[in-house]
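Given next are the chains, with one letter for each unit.
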Amino acid sequence: MSPVKLAKFTIFSLLILLTLSASQVHVIYKANTADNNVKWTVMFYLDGDNDLEHWAILTFEDIASVGSTKNVHIVVQFDRSGAESEYGGWSTCKRYLVTKGLSPSPNTALCDLGEVDMGDPEVLLDFMLWAVEKYPADRYILILWNHGGAIAGVCVNSSHSNDRLSLPEIRYALSRFYDETGIKLDIIVVEACLMGCIELTYEVHDYANYIVFSEEVMWAHQLRYDEVFKYLVGDPGIPPHELAILFAKSYLKGASAPYNIMSVINLSRVEVLYSAFDEFSIELVKILDDHRRDLSLAIAGARGFYVSYMGDIYSLAESVVSECKLDRIRLAASTLMSAINMCVVFHGNDLTVHGISAFIPRDSEYYFKLRNLYSQLTFSRDCLWPLFLEAYYVGQNVTTNVPEVKLLGLSGKIYYREYLNVTWQSRDLDNDTVTYRFYISSDSLIWRKVYEKTFRENSQWKLHSVLIPTQNIEDGSYMLKIVFSDGKGGVDIVYANATIYVDKTPPMISDLTVKPMNPAYNETVTLSFQASDNISGVDFAIIVVKVNNSTFKIERVTPVNGQIIYVLPSFNYGSNVTVEIEVSDKVGNTYCTTISYTVQDPYPPEISHISISPEAPTQDDTVTVKAVVVDDGSGVKEVILSYFNGSTWINVTMHSMGNETFTSTIPALKLKRGMFKVIAVDVAGNIAETDVITYDITLFKLPLTEIIIVASIVAIVALIYTVFKRKR
């Protein structure tokens with residue numbers, strides 16, 4: 001893009017608040033079968049609906065000179081103004097799968113979207129979602145092509161009142177894309193002027209791995225896509241960082257000073273850069289009152305670009321060190337420059353720049369013109385460089401007192417779960433409205449803003465408290481700092497003298513054992529487990545014992561060296577025992593588990609004290625059998641008398657007489673010996689059986705009177721016989 005054409009992109013256009021038009025996209029997709037083995041899909045967002053239409057057509061022709069292959073798909077969304085006559089002079093927006101030699105004609109398009117606003121983030125999102133649905137691949141590149149204006153955005157659309165994609169709108173499209181697909185882009189290429197700024201990287205770093213862009217004006221049709229894509233289709237296994245560098249080198253081949261600037265940023269490392277820039281900014285605020293002139297010279301001496309409100313960050317750090325010879329500044333600047341070197345994996349041949357710029361207005365006119373626009377950026381809300389600019393430009397005309405802050409209760413180790421509770425006292429002698437920004441860091445290198453709150457202060461000390469939600473804070477230990485500013489240049493920072501632990505993860509239970517697992521009615525049960533929590537630690541466990549769904553006992557138990565041993569008493573046979581275990585850590589996270597068992601009866605009944613009556617039965621006697629049967633567990637279910645009748649065994653039920661005694665009878669048997677056994681069954685199904693018991697059976701049995709009469713007769717007969725014998 002020439003400087004003459006860039007002049008059309010005036011400072012005033014940066015101040016226009018553009019109304020996004022609602023684009024209704026009517027698409028008729030041609031059938032396409034995506035190759036699941038595709039290595040790369042290139043999503044080319046080619047916005048030619050402006051004075052760059054001619055160069056957009058040339059760019060399309062460059063792409064088509066290579067085209068897609070089985071391993072690389074190149075899809076283009078091409079919007080034209082219709083000012084140029086090539087290929088029918090059409091003026092809508094079309095999508096293409098670019099194959100070798102394809103022309104950007106209406107009849108070669110996959111679909112015609114009608115008139116759309118390429119400056120609408122929904123249009124960008126729709127293109128990306130369509131591309132990954134129709135052309136899935138292992139890796140993805142997004143290319144944004146058009147005018148650029150640094151903090152003002154990219155992709156100016158002439159048919160829609162020069163609407164463009166603002167930096168927050170780019171973030172919106174990429175975040176929605178990530179939320180809906182789970183895809184993190186491998187490379188973003190921005191072929192547009194002045195877009196190589198930290199403010200853009202802040203919007204996109206969560207959604208891509210590398211970004212290729214320029215801090216300076218870019219000449220249209222200078223980045224040779226034919227060369228890059230020829231290399232890509234020849235080696236689709238190229239690592240993303242190498243491919244990103246190829247894009248940058250391709251542009252630099254034909255670029256001449258002062259526009260030979262192109263860089264590649266590793267977005268996985270930029271959080272270190274943001275934190276280093278924050279610390280550098282705060283140090284500048286602290287020395288501002290005493291070194292305002294030095295800082296003015298440093299800002300003026302920093303490497304600038306075609307627009308005088310952007311400057312190279314590394315060059316600014318060098319310039320500040322040169323003008324402000326303070327150890328604290330030298331250290332902060334050195335840290336910042338090291339962070340830049342770590343993030344910028346490639347930059348051009350111009351050694352006065354180092355790959356990434358920032359909003360560094362050279363005078364207050366630009367600052368106040370662009371202040372409102374700049375305040376809308378996510379970077380401005382989260383990072384501290386804007387606070388230095390505020391102090392530098394607003395404070396130069398205002399005498400201000402810095403707000404005073406005293407943190408309360410933040411010392412030692414403090415554990416939080418759902419909210420960080422921060423309490424402080426503060427005052428401001430100027431009665432200003434003070435904004436408090438809260439940052440956390442796990443390593444003191446990367447600080448992340450997690451909350452912001454504004455209070456109206458006065459000269460009296462006020463007590464303030466905020467609850468900072470932790471849902472977006474990972475579990476771990478953190479340092480906390482608060483940056484506060486009054487909007488007139490009064491800025492300072494305080495650090496909490498505490499280690500803050502965020503613990504949203506429940507404790508764990510391991511090595512859970514229940515012995516015995518199937519206990520008898522006369523056995524106790526020992527419950528043992530390990531309770532652990534890696535952050536706040538285990539506090540206690542609540543054990544609830546329920547028997548047959550009724551609560552038996554609730555007990556709080558404290559672990560010893562992480563172990564909990566709990567003994568349950570014995571319960572009656574058949575009891576359904578449920579043990580609910582709830583382990584709590586020191587911030588209230590809980591983990592629950594439940595075990596249950598049913599009390600068993602593994603023991604058979606005991607049979608004793610067996611007797612028969614009569615003790616010497618005859619063949620005419622019925623024999624009564626008695627036995628004592630005891631079962632302390634499930635209880636006696638049935639007692640059976642089994643006797644032998646001379647040919648088979650007969651079973652009869654013995655009836656309870658009370659006192660655990662059971663009885664039944666054996667009928668008269670015409671046998672010389674009787675045999676029987678007693679069988680007992682308990683409710684649990686256990687069986688006890690005695691050995692066979694025998695008894696003798698006589699043929700008959702005379703009554704006593706009959707025995708006496710017979711004996712008397714015998715005696716008389718014997719006497720008569722004796723007397724008669726003597727008389728002879």
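Conventions we followed
Residues numbered from 1 in each chain as written. Predicted model: local features only at pLDDT ≥ 70, side-chain atom pairs only at ≥ 80, totals over all residues. Heavy atoms only, no water. Helix = DSSP H or I, 4+ residues; strand = E, 2+ residues; numbered from the N terminus. Rg over C-alpha atoms; globule rule 2.2 N^0.38 Å. Buried < 20%, exposed > 50% of the residue type's maximum accessible area, 1.4 Å probe, protein only. Contact = heavy atoms within 4.5 Å. Areas by Shrake-Rupley, 256 points an atom, 1.4 Å probe, with all protein chains shown as cover. Lys, Arg positive; Asp, Glu negative; His and termini not counted. Charge placed at Lys NZ, Arg CZ, Asp CG, Glu CD. Axes fitted to C-alpha atoms, helices over the stretch in contact; angles between N-to-C directions. Parallel < 35°, antiparallel > 145°, perpendicular 65-115°, else oblique. Left-handed = near helix turned anticlockwise from the far one by under 90°. Nonpolar A, V, L, I, M, F, W, Y, C, P; charged D, E, K, R; others polar. 1 Å grid on protein atoms, 1.4 Å probe; cavity = no way out; pocket = protein on both sides within 12 Å on 5 of 7 lines; lining within 4 Å. Points joined across faces, edges and corners; volume = space filled by probe spheres on them. Phe/Tyr/Trp six-rings, centres within 6.5 Å; stacked < 30°, edge-to-face > 60°. Lys NZ or Arg CZ within 6 Å of the ring centre and 35° of its normal. Pairing = 2+ DSSP bridges. Salt bridge = Lys/Arg side-chain N within 4 Å of Asp/Glu carboxyl O. Expected span 1.5 Å × (residues − 1). Bend = angle between axes of the 7 residues up to and from the residue. Core = buried A, V, L, I, M, F, W, Y, C linked by side-chain atoms within 4.5 Å.

Assigned secondary structure in the chain consists of 15 helices and 38 strands. The C-alpha radius of gyration of the chain comes to 47 Å, more than 25% above the 27 Å expected for a compact globule of 728 residues. With the C-alpha coordinates aligned to their principal axes, the bounding extent of the chain is approximately 180 × 75 × 40 Å. Looking at the chain residue by residue over its 728 residues, the buried ones come to 51%. Long-range contacts, defined as pairs at least 24 residues apart, comprise 70% of the intrachain contacts of the chain with a sequence gap of at least 6. Roughly 32400 Å² of accessible area belongs to the chain as shown, and the carbon and sulfur atoms make up 50% of that amount. Charge separation in the chain, taken as the distance between the mean sites of 60 positive and 84 negative side-chain charges, equals 7 Å.

This next bit is on the environment of Arg95. Along the chain, Arg95 falls in strand β3 (residues 93–97). With a relative accessible area of 0%, Arg95 lands in the buried category. Here the alpha-carbon distance between Arg95 and Thr108, two residues 13 residues apart in the chain, equals 9.2 Å.

The next point concerns the packing of helix α4 (residues 121–134) against helix α5 (residues 167–181). It is at 9 Å that the axes of α4 and α5 come closest, and there the two elements cross at 30 degrees. The angle between α4 and α5 falls in the class roughly parallel. Helix-helix and strand crossings are classified by hand; for α4 and α5 the assignment is right-handed. Here Pro121, Glu122, Leu124, Leu125, Met128, Leu129 and Val132 of α4 lie close against α5, whose contacting residues are Glu169, Tyr172, Ala173, Leu174, Arg176, Phe177, Glu180 and Thr181. Along the lines of polarity and charge, the residues of the contact of α4 with α5 split into ten nonpolar, one polar and four charged.

In this structure, the largest pocket encloses a volume near 620 Å³. The wall of the largest pocket is formed by 26 residues, among which Glu271, Arg448, Lys449, Val450 and Asn472 lie closest to the centre. Within the residue set of the lining of the largest pocket, elements represented by two or more residues are α9 (270–301), β17 (433–441) and β18 (448–456). When residues of the lining of the largest pocket are assigned to their parent elements, the largest contribution, four residues, is made by β18. Residues belonging to the lining of the largest pocket are distributed by class as follows: twelve nonpolar, five polar and nine charged. One number sums up the size of the second largest pocket: a volume of about 300 Å³. Considering the residues around the second largest pocket, the lining is formed by 16 residues, among which Ser375, Ser380, Pro386, Glu390 and Arg437 are closest to the centre. Elements supplying a minimum of two residues to the lining of the second largest pocket: α12 (364–375), α13 (378–382), α14 (385–394) and β17. Examining the composition of the lining of the second largest pocket, we find that four residues originate from one element, α12, more than from any other. The class makeup of the residues in the lining of the second largest pocket is four nonpolar, six polar and six charged.

What follows is about the packing of aromatic side chains. Under the definition given, this model contains 36 aromatic pairs. In textbook terms, an aromatic cluster arises when at least three aromatic residues are bridged by ring pairs, as seen for Tyr202, Tyr274, Phe277, Tyr367, Phe368, Phe379, Trp385, Phe388, Tyr392 and Tyr393. Directly above the ring of Trp461 sits Lys406, whose terminal nitrogen or CZ lies 4.3 Å from the centroid.

Another aspect to go through is the sheet that holds strand β14 (residues 404–408). As summarised here, the arrangement of the three strands in space is β14-β16-β19, forming an open sheet in which the pairing is antiparallel. At either end of the open sheet lies a strand with only one pairing partner, and these are β14 and β19 (462–469). Within the sheet, the average angular offset between the axes of one strand and its neighbour, ignoring direction, is 30 degrees. When β14 meets strand β16 (residues 419–427), the two strands line up antiparallel, connected through five bridges.

A word on the sheet that holds strand β8 (residues 185–191). Across the sheet, which stays open at both edges, the nine strands sit in the order β4-β3-β2-β1-β5-β8-β9-β10-β12 with mixed pairing between neighbours. This sheet does not close on itself; its edge strands, each paired only once, are β4 (111–114) and β12 (344–346). Each adjacent strand pair in this sheet contributes to an overall mean axis angle of 20 degrees, direction not counted. In this fold helix α8 (residues 240–254) packs onto β1 (40–48), β5 (139–145), β8, β9 (208–213), β10 (263–266) and β12, with an angle of close to 10 degrees to the strand it touches most, β9. Running over the sheet, helix α11 (residues 327–343) touches β10 and β12 and is turned about 45 degrees from β12.

Once that is clear, we can look at the pattern of salt bridges. If you walk through the whole model with that rule in mind, you get 27 salt bridges. A salt bridge links Lys253 to Glu227; the nearest nitrogen and oxygen atoms lie 3.4 Å apart. Separated by 26 residues along the polypeptide, Lys253 in helix α8 and Glu227 in helix α7 (residues 225–234) bring together distant segments of the chain. In this structure Glu227 comes out as partly exposed when scored by relative accessible area, which is 36%. Linking Glu283 and Arg328 is a salt bridge whose minimum nitrogen-to-oxygen distance equals 2.7 Å. Of this pair, Glu283 sits in helix α9 while Arg328 is found in helix α11, placing the two residues 45 residues apart along the sequence. Overall, Glu283 belongs to the buried group, its relative accessible area being 15%. Via salt bridges that share partners, Asp382, Arg437, Lys449 and Glu452 belong to a single interconnected network.

Residue position: Ile543 is located in strand β25 (residues 538–547). Overall, Ile543 belongs to the buried group, its relative accessible area being 0%. Between the C-alpha atoms of Ile543 and Ser485, which are 58 residues apart in sequence, the distance is 51 Å. Discounting chain neighbours no more than four positions away, the residues touching Ile543 are Lys553, Ile554, Glu555, Val557, Ile564, Tyr566, Val579 and Glu580.

Let us look at the pairing of β5. The element β5 is extensively covered by neighbouring structure, given that six of its seven residues are classed as buried. The pairing of β1 with β5 spans seven bridges and is classified as parallel. From the neighbouring strand, Leu46 faces β5, where its bridge partner is Trp145.

The next subject is α9. Relative to the 46 Å expected for 32 residues at 1.5 Å per residue, α9 spans just 25 Å between its end C-alpha atoms, considerably shorter than the ideal helical length. The largest bend in α9 is about 105 degrees, located at His291.

Another aspect to go through is the nonpolar core. Formed by 162 residues in total, the largest nonpolar core has its most connected members in Phe229 and Phe247. Among the elements that line this core, the one with the most residues is α9, at 14 residues. Sequence-distant contacts of Phe229, defined by excluding residues within four places in its chain, comprise Val42, Ile63, Val66, Ile74, Ile143 and Phe247. Among the nonpolar cores identified, the runner-up in size contains 25 residues, and Leu410, Ile440, Leu480 and Ala496 belong to it.

Next up on the list: α14. For α14, the tally of buried residues reaches ten of ten residues, placing the bulk of the element in the interior. Burial in α14 covers these residues: Trp385, Pro386, Leu387, Phe388, Leu389, Glu390, Ala391, Tyr392, Tyr393 and Val394.

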